[in-house]
Each structure stands twice: as C-alpha cells, then as structure tokens.
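Chain by chain, the residues:
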Amino acid sequence: MTDDLKPHELIANIQPRPPQTGWMNTPAVIRKGMFCYASNPKSVEILKLPNARGWNPLEEDWKLPKNWKEIVFEGLRQRLDRFRTFKLFMDICVRCGACADKCHFFIGTGDPKNMPVLRAELLRSVYRKDFTAAGKIFGTLAGARELTLDVLKEWWYYFFQCTECRRCSVFCPYGIDTAEITIMAREIFNLLGLNIDWIATPIANCYRTGNHLGIQPHAFKDMIDFFIDDIEEKIGIRVEPNINKKGADILFITPSGDVFADPGTYTAMGYLVLFHYLKEKYGLDVTWSTYASEGGNFGFFTSHETMKRLNAKMYAEAKRLGVKWILGGECGHMWRVIHQYMGTMNGPADFLEEPVSPITGTKFDNAKSTKMVHIAEFTADLIKHGKLDLDPSRNDNLIVTFHDSCNTSRGMGLLEEPRYVIKNVCKNFYEMPSNTIREQTFCCGSGSGLNAGENMDLRMIGGFPRANAVKYVHEKHGVNMLACICAIDRAVLPVSMDYWVPGVNVTGIHEMVANALNLPGQPKRTKNLRGEPLPGMEGDDE
C-alpha cells in the first residue's frame, strides 16, 4: 500500500513487461489500493438504477442477476445502435500502439492492460465475438473471445482505472476517443448494479440536495456566511453576496468542492472578493444559488442519462431566478459536459441571453448555445480591458506553475486565458515541459470519480507523471505553487504533491486574483486569503 511505501519504492514496483500468458487468458487480479468500494445500495435505489444490492469486488460472488450476460449484450447492442462514434471506435482501431505510453496509469503501473489500446480491446474482443461476422466465424483468430465472469470482472477493474482524460486520443491517428469507450463500459456496469460508491453516492446526493456532498441549502448558506466573516478578518472588507436573488444579472455556479474542501475554499473566497469588487465598481449583480449548488457533473462518469439529468438543474435554476446568463466556476468535468454535450443534450438554452460582459462589452461567442461562460475567460477579459486594479506583488511569495486540467484543455481548448490571468496577478511563473501541458497535459490521476481514499495506490501511481513534471520545475525554478482550474484537481493534487513533491502547494487562480485585487475602501492589507502574511508584512501585527 502507498502508506507503507516511499516514493522511490513505489517507482521501483513499476515493471512494464508482458504477462506470462496471452492477454485474453489472463484474469484480473483485483487488489486493495487499486479500486474503489462498491456502490451503496441506497444510492443506487435513489438513482433508480437496476440491481441495487450490497456486493464486494474482493468476493467471488458479485451477486449478479442470473441473466447478466443477456443484460450486457442488450446494453452493448443498444449503445452500438445509438452512438455512431462508439460503433466506429469498435471497428477502426488498428492496434498501432500510438496511445500505449501516453496513459498515466500505464506509465505508473507498467500493466499492459492500462494501455488505452488494450483497455479498449478488453471490450472490443467481446464485441467482435458477438457483433462481427469475422469474430463469429474465426473466433480467437479474429481477436474475439467469449464473455465470461472473469472477463466482466476484468472489464470492471480496468475501466475504473481510466480517468477519461483523453490524453491518448490526442495521439491516436484515427481520433479514437477511448474515454467514450470507458463511458459505454460504465453504462453497461450500471445495468448490472456495478457502479462504485464514490460516483453513485455523489450523484444521489446531487439528486436530493443539488450538490455532490449532500449539503442542504441552509448549510450552503452558512458556509458562505463563514467565508464572509473570514474575508473580513483577513482583508478588512465585508463582502455582501447575493443568494437566490431573482432578477440578478448573472447566476454563478461552482463545484461544491470549492465551498467545502480546502484549498478550494480559498478559491471560493476569491470568487466572493471578485464579485464584491465588480459590484462596487461597476454595479454587476451576481447571485449564488443554494439549489443549483453544484457545477460538477458526476453523471458524466456514469451514463449520458444521469449526465443530462444533473446538467438540467443549473438551467432550471437560471430560469427560476430570471438571470441573463450563467457564469461557471473553476471546474473540469462540468465544462466538458457544458462545452461538448449541453447544446444537444439539454439545449440550446434559448430562454437566456447570449453572454455579453456588461463591463467590457465582450461577446462570448463560444457560449452562444450554452449561455454559460467559464470564469477564467471572464476574468481574463476584465484584465485585458483594464477593469481590475491589481497589485501582483502581493503574490511575490509564490513561484507558480500551471496544471492544464484535462477537461478544460482537451475538452474546450481553454489554454491561454488562465495563463493570462496568472501572469497578471503574480510575477513568478514557469511552465512545465511542453509535452506535459496544454493539449498534452497529464491527468491529476484521480479524475472521473476515482478520487477516493481506498484506492490511494492507484491515485499515486496515476498522478506520478503529473507530479514528475512539477518536480522538474520545482527543482529547476523553485516552484512552490501549482495552480489549476478544476475542483477535483484542487482536492487530489495536494495529496499527490505531498507524496511526490513536498514543498509544492495547490491553488485555484481566483485565490491569487483576490490576493492581488485592490478593493474600494480597503484598509492596509497584511494577509492573504489563507491568513498568511503578505510579502513584506511578516512582522506587521495589524
């Protein structure tokens, strides 16, 4: 287990070599530390998914329905008929291996079945056997194999060792999106009740309370009130945010992780400080919601239907409050759902206006259908037009590098805006190696619902490639802060940094924005949002 191994010992365990038998005849060895707990039956019932029951991946009997094979084949058939990309991805792969060494889990484990091509082949081989003429006639000669219980368990084990980051897709000469194959596999698992709890329970919570953490509206409001007091104590200004205000200009929605988990809480305080500034200077009226209190969408890790149902609440709340458009916080999977699925899944949201900044007049054309703008591009636009009064010297204690979150970089092309913001709010910025950032960015190693505590071995080896790039700039430039624009990143990267690169902390970019922002009527600033002395103020008692 990771708790017992030093980083150099964990690396020594990486042994990329072929298995002793052919891959089609090698059953998965499911071991602790490499998987998440099975879903809670109550959560499955809340979601109205089939086959809710208690089961344990380590036990031989997974308590599957007697007709589980028929369920798998029918689910596979329906998805092949419904999703043309899935059918295409099943047929066109030539197993060239261009993706093989691009996956952080293969780099971290050395397990051939974590090569994206082979992980997909686990499912593709069964598809060949029952859905292609060559497979039916030639069997194993055509790369086809029977669906057995061992094969199903192998599917489950390895498709939950994929974070759907899509780095492999960047290098595929045919453009195969292995993440889509993972999504289909997980949809089939749900037909059998084989979800994991760190996905099923957050979704169930979201259905009940509007956010993944199951926080009731009054508790959400209490947390915002706590931030208000904390901000006043640290910077001497009392912000007055709107909550559930009808007729506000903009509805702001961010992941609940920003409101309830460090260091995301400092990012949430950064939002509050920025909105206070914009209200005081320009009269911009932004409201939070205690009902649409979650921007993240764990449905993306489950099925298209749950993704659609969770996405709908944000637009229902925007309609109820009568806002003009929606501003979204620093999140990853929220933005892949919005940018790549929303327009055809729930939209277009024609009851909202096409987003235009009331301060700069900039029209956000990329949000024409979704009516939802990422706060990084919103803030970058404000800075570009000189609308923010910034003192970047307040972040002089930070030597920053930037982690491109998978879904905002590869999923929506948000590459320059966060860097532009960072470079305007701090003076010390260094990029990681070029083949580890932007479209080629490495995953945090814990996305797609894998950021649980029980699979820490998997998380640390999956996060190793990202951490290794951070270690490079840490040693070369003294980098001590890793910035990111994803709530899952802010939740999991601190653990990864503590393990692999001690001395590097994690932040959202709007924490740094708030530290640098000169607020109207502010007293002398001596602390940042973390309550730490600002550079040059270490001995100031005010």
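Just so you know, these numbers come straight off a predicted model, no measurement behind them.

Draft legend 1. Here's a closer look at the pattern of salt bridges. Within the structure shown, the criterion is met by 34 salt bridges. With a shortest N-O distance of 2.8 Å, aspartate 258 and arginine 490 are connected by a salt bridge. Here aspartate 258, found in helix 13 (residues 257–260), pairs with arginine 490, found in helix 21 (residues 487–500); they are 232 residues apart in sequence, far enough to count as distant. Pair check on accessibility: aspartate 258 and arginine 490 agree, each one buried. Put simply, lysine 371 and aspartate 350 hold a salt bridge, and the shortest N to O gap is 4.0 Å. With a gap of 21 residues between them, lysine 371 in the loop between helix 16 (333–345) and strand 5 (372–374) and aspartate 350 in the loop between helix 16 and strand 5 connect regions that are remote in the sequence. Where salt bridges share partners, they join Asp404, Glu416, Arg419, Glu431 and Arg438 into one cluster.

Draft legend 2. Looking closely at the side chain of threonine 209. Note on placement: threonine 209 falls in helix 11 (residues 197–209). Taking the relative accessible area as the measure of exposure, threonine 209 reaches 8% and is therefore buried. A polar side-chain atom of threonine 209 sits 3.4 Å from the main-chain carbonyl oxygen of asparagine 211. When neighbours within four sequence positions are excluded, threonine 209 is seen to be in contact with Gly214, Ile215, Gln216, Thr290, Tyr291 and Ser293.

Draft legend 3. Summary view of the environment of valine 504. By the element assignment, valine 504 lies in the loop between helix 21 and strand 8 (505–508). By relative accessible area, which is 1% here, valine 504 ends up buried. Setting aside anything within four residues of it in sequence, one finds valine 504 in contact with Val470, His474, Val479, Asn480, Met481, Leu482 and Met497.

Draft legend 4. Spotlight on a nonpolar patch on the surface. Taken together, the side chains of Ile137, Phe138 and Leu141 make up a nonpolar region of the molecular surface, amounting to roughly 400 Å² of accessible area. With respect to the helices and strands, phenylalanine 138 occurs in helix 7 (residues 133–138).

Draft legend 5. Main features of the sheet that holds strand 7 (residues 481–484). In space, the 3 strands of this open sheet follow the order 6-7-8, with parallel pairing throughout. Both outer strands of the open sheet, strand 6 (400–402) and strand 8, are each paired with one neighbouring strand and no more. Within the sheet, the average angular offset between the axes of one strand and its neighbour, ignoring direction, is 35 degrees. Bridge analysis of strand 6 against strand 7 gives 3 bridges, and the strand direction is parallel. Bridge assignment links phenylalanine 402 to a residue of strand 7, and that residue is alanine 483.

Draft legend 6. Quick look at the pairing of strand 4 (residues 325–328). Residues of strand 4 alternate between two faces, with Trp325 and Leu327 on one and Ile326 and Gly328 on the opposite face, all of them buried. Here strand 2 (residues 250–253) pairs with strand 4 via 4 bridges, running parallel. The residue of strand 4 that forms the bridge with phenylalanine 252 is leucine 327. Bridge count for strand 4 against strand 5 is 3 bridges, and the pairing is parallel. When the sheet's bridge partners are listed, glycine 328 is paired in strand 5 with histidine 374. Taking the sense of rotation as the criterion, the β-α-β connection linking strand 4, helix 16 and strand 5 turns out right-handed.

Draft legend 7. Just the sheet that holds strand 5, in detail. Sheet architecture is open: 5 strands sit in the order 1-3-2-4-5, paired in parallel fashion. What marks the edges here is a single partner per strand, and that holds for strand 1 (242–243) and strand 5. Taken strand by strand, helix 14 (residues 264–282) contacts strand 1, strand 2, strand 3 (286–288) and strand 4, and its axis lies near 150 degrees from that of strand 3. Here helix 16 sits on the sheet and contacts strand 2, strand 4 and strand 5; the angle it forms with strand 5, its principal contact strand, is near 135 degrees.

Draft legend 8. Quick peek at the packing of aromatic side chains. The full count for this structure, using the stated rule, is 23 aromatic pairs. Ring centres of tyrosine 277 and tyrosine 282 lie 6.5 Å apart, and the angle between their planes is 65 degrees; on these two criteria the pair is classed as edge-to-face. With relative accessibility at 2%, the residue tyrosine 277 sits in the buried group. A connected cluster of aromatic rings, assembled from ring pairs, spans Phe35, Trp55, Trp62, Trp156, Phe160 and Phe189.

Rules of the game
- Residues numbered from 1 in each chain as written.
- Predicted model: local features only at pLDDT ≥ 70, side-chain atom pairs only at ≥ 80, totals over all residues.
- Heavy atoms only, no water.
- Salt bridge = Lys/Arg side-chain N within 4 Å of Asp/Glu carboxyl O.
- Helix = DSSP H or I, 4+ residues; strand = E, 2+ residues; numbered from the N terminus.
- Buried < 20%, exposed > 50% of the residue type's maximum accessible area, 1.4 Å probe, protein only.
- Polar contact = N/O pair within 3.5 Å; in protein donor to acceptor, adjacent residues only side chain to side chain.
- Contact = heavy atoms within 4.5 Å.
- Patch = residues over 30% accessible without salt bridge, like charges linked within 9 Å, V, L, I, M, F, W, Y side chains within 5 Å.
- Areas by Shrake-Rupley, 256 points an atom, 1.4 Å probe, with all protein chains shown as cover.
- Pairing = 2+ DSSP bridges.
- Axes fitted to C-alpha atoms, helices over the stretch in contact; angles between N-to-C directions.
- Right-handed = clockwise from strand over helix to strand, strands pointing away.
- Phe/Tyr/Trp six-rings, centres within 6.5 Å; stacked < 30°, edge-to-face > 60°.

Geometric descriptors of this kind do not, in isolation, establish any biological role.
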